[in-house]
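If you want the building blocks of each chain, they are given just below.
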Amino acid sequence: GAPSETVKWVKHVSSTLSTGRKFIRLGKFVDNLYKAYKHLCKYSISLTSEKELVQVMTLMSYIADTIFYVWDFIVWGEAAKIWAFPHLNAKLRRTRWNMYRYGLKAVKDYIKLRTLRSGSVQWYSTRRIAIKSSLDVLNPLQSLGYNDLNGGQIGLIGVVTSCISIFDDFNK
């Protein structure tokens, strides 16, 4: 085994980096709330076509993202020992909203694919995002006990979705 000081140091660095990453995400829920507001101002809420359904589901995914980040913020505050809300069961609620947001994004993007010209650049981009969201939803589903994936499988899914994200970032 590793010396106990090394183990403590690695745990401290890991905890510090995780807390820093969560701290940076504090404004994410405000950003998503603003996106939802702008989206609501731009599009009407009606369900007379697939394109309008995509717009409504986009709004719903922004709202789900916002709620997820609020729960994520509460969990972060509990982990950083800023506050304690044990009766809220915030980790479970955060996991549920993580499942909802990725599920909504996946369904929205698969519906959006039907409205795009097959083989176009936008179609391929939307397909990658739909696949990524479909894979991302497996992690909270596993945490909630809805599938039997193990840690290695979840890790592999994480690698695939990260590669998709990196590919899309470089192609912007």
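Enquirer: Any chance you could explain the nonpolar core here in plain terms?
Expert: Most often, soluble globular proteins keep nonpolar side chains buried together rather than apart. Listed in full, the five residues of the largest apolar core are Val 54, Met 57, Ala 64, Leu 104 and Ile 111. Taken together, the elements giving at least two residues each to this core come down to helix H3 (50–79) and helix H4 (90–115). Ranked by residues supplied to this core, first place goes to H3 with three residues. If we skip the residues at most four places from it in the chain, Ala 64 touches Trp 97, Arg 101 and Leu 104.

Enquirer: Quick question: what am I supposed to make of helix H5 (residues 121–136) here?
Expert: Given 3.6 residues to a turn, an α-helix orients residues that are three or four positions apart in the same direction. The end-to-end C-alpha separation of H5 is 23 Å, in line with the 22 Å expected for 16 residues at 1.5 Å each. Turning to H5, its buried residues are Trp 123, Thr 126, Ala 130, Lys 132, Ser 133 and Asp 136. Those residues of H5 that are buried are in contact with H4, helix H6 (138–143) and helix H7 (151–170).

Enquirer: In this structure, what is going on with helix H2 (residues 28–42)? I would like to understand it.
Expert: The terminal C-alpha atoms of H2, which comprises 15 residues, lie 21 Å apart, in line with the 21 Å expected from a rise of 1.5 Å per residue. Taken together, the buried positions of H2 are occupied by Asn 32, Ala 36 and His 39. What you see down the axis of H2 is that its buried residues fit within an arc of 65°, all on one side. With respect to the buried face of H2, the exposed residues turned more than 90 degrees away are Cys 41 and Lys 42.

Enquirer: I would appreciate a short explanation of the packing of aromatic side chains in the present structure.
Expert: Between two aromatic rings, the relevant description is the distance of the centres plus the angle of the planes. Going through the model one piece at a time under the given rule, you end up with six aromatic pairs. An angle of 70° between the planes, with centres 5.0 Å apart, marks the rings of Phe 68 and Tyr 69 as edge-to-face. Side by side, Phe 68 and Tyr 69 carry an identical accessibility label, which is buried. By the ring-pair criterion, three or more aromatic residues cluster together here, those being Phe 73, Trp 76, Trp 83 and Phe 85. Between Arg 101 and the ring centre of Tyr 102, over which it is positioned, the NZ or CZ distance is 4.6 Å.

Enquirer: Sorry, what's going on with the pattern of salt bridges here?
Expert: In a structure, side chains of opposite charge can pair up when their charged atoms sit close to one another. In total, this model carries eight salt bridges according to the counting rule given. With a shortest N-O distance of 3.2 Å, Lys 105 and Asp 65 are connected by a salt bridge. Here Asp 65 lies in helix H3 and Lys 105 lies in helix H4, a separation of 40 residues in the sequence. The exposure class assigned to Lys 105 is buried, which follows from its relative accessible area of 19%. Lys 108 is paired through a salt bridge with Asp 109; the nearest N and O atoms lie 3.2 Å apart.

Enquirer: In this structure, what is going on with a nonpolar patch on the surface? I would like to understand it.
Expert: There is a patch of nonpolar side chains on the surface, built from Leu 156, Val 159 and Val 160 and spanning about 260 Å² of accessible area. You can see Val 159 is positioned in helix H7. Taking relative accessible area as the criterion, Val 159 reaches 48% and is therefore assigned partly exposed.

Enquirer: I keep staring at unusual backbone geometry and nothing clicks. Help me out?
Expert: It is generally the case that most residues other than glycine have a negative phi and that most peptide bonds are trans. Notably, Asn 89 is not glycine yet its phi reads approximately 55°, a positive angle. Along the polypeptide, Asn 89 turns up in the loop between H3 and H4.

Enquirer: Looking at this model, I keep getting lost on the packing of H2 against H3. Mind explaining?
Expert: The relative placement of two packed helices comes down to the angle between their axes together with the axis-to-axis distance. Running from N to C, H2 and H3 point in directions that differ by 160°, and their axes come no closer than 8 Å. Between H2 and H3, the angle falls in the class roughly antiparallel. You can see that H2 and H3 cross each other, and the crossing is left-handed. For the pair H2 and H3, contact is made by Lys 28, Phe 29, Asn 32, Leu 33, Lys 35, Ala 36, His 39 and Leu 40 and by Gln 55, Thr 58, Leu 59, Tyr 62, Ile 63, Asp 65, Thr 66, Tyr 69 and Val 70, respectively. Residues belonging to the contact of H2 with H3 are distributed by class as follows: nine nonpolar, five polar and three charged.

The rules behind each value
Residues numbered from 1 in each chain as written. Predicted model: local features only at pLDDT ≥ 70, side-chain atom pairs only at ≥ 80, totals over all residues. Heavy atoms only, no water. Core = buried A, V, L, I, M, F, W, Y, C linked by side-chain atoms within 4.5 Å. Buried < 20%, exposed > 50% of the residue type's maximum accessible area, 1.4 Å probe, protein only. Helix = DSSP H or I, 4+ residues; strand = E, 2+ residues; numbered from the N terminus. Contact = heavy atoms within 4.5 Å. Expected span 1.5 Å × (residues − 1). Arc of directions from axis to C-beta. Phe/Tyr/Trp six-rings, centres within 6.5 Å; stacked < 30°, edge-to-face > 60°. Lys NZ or Arg CZ within 6 Å of the ring centre and 35° of its normal. Salt bridge = Lys/Arg side-chain N within 4 Å of Asp/Glu carboxyl O. Patch = residues over 30% accessible without salt bridge, like charges linked within 9 Å, V, L, I, M, F, W, Y side chains within 5 Å. Areas by Shrake-Rupley, 256 points an atom, 1.4 Å probe, with all protein chains shown as cover. Axes fitted to C-alpha atoms, helices over the stretch in contact; angles between N-to-C directions. Parallel < 35°, antiparallel > 145°, perpendicular 65-115°, else oblique. Left-handed = near helix turned anticlockwise from the far one by under 90°. Nonpolar A, V, L, I, M, F, W, Y, C, P; charged D, E, K, R; others polar.

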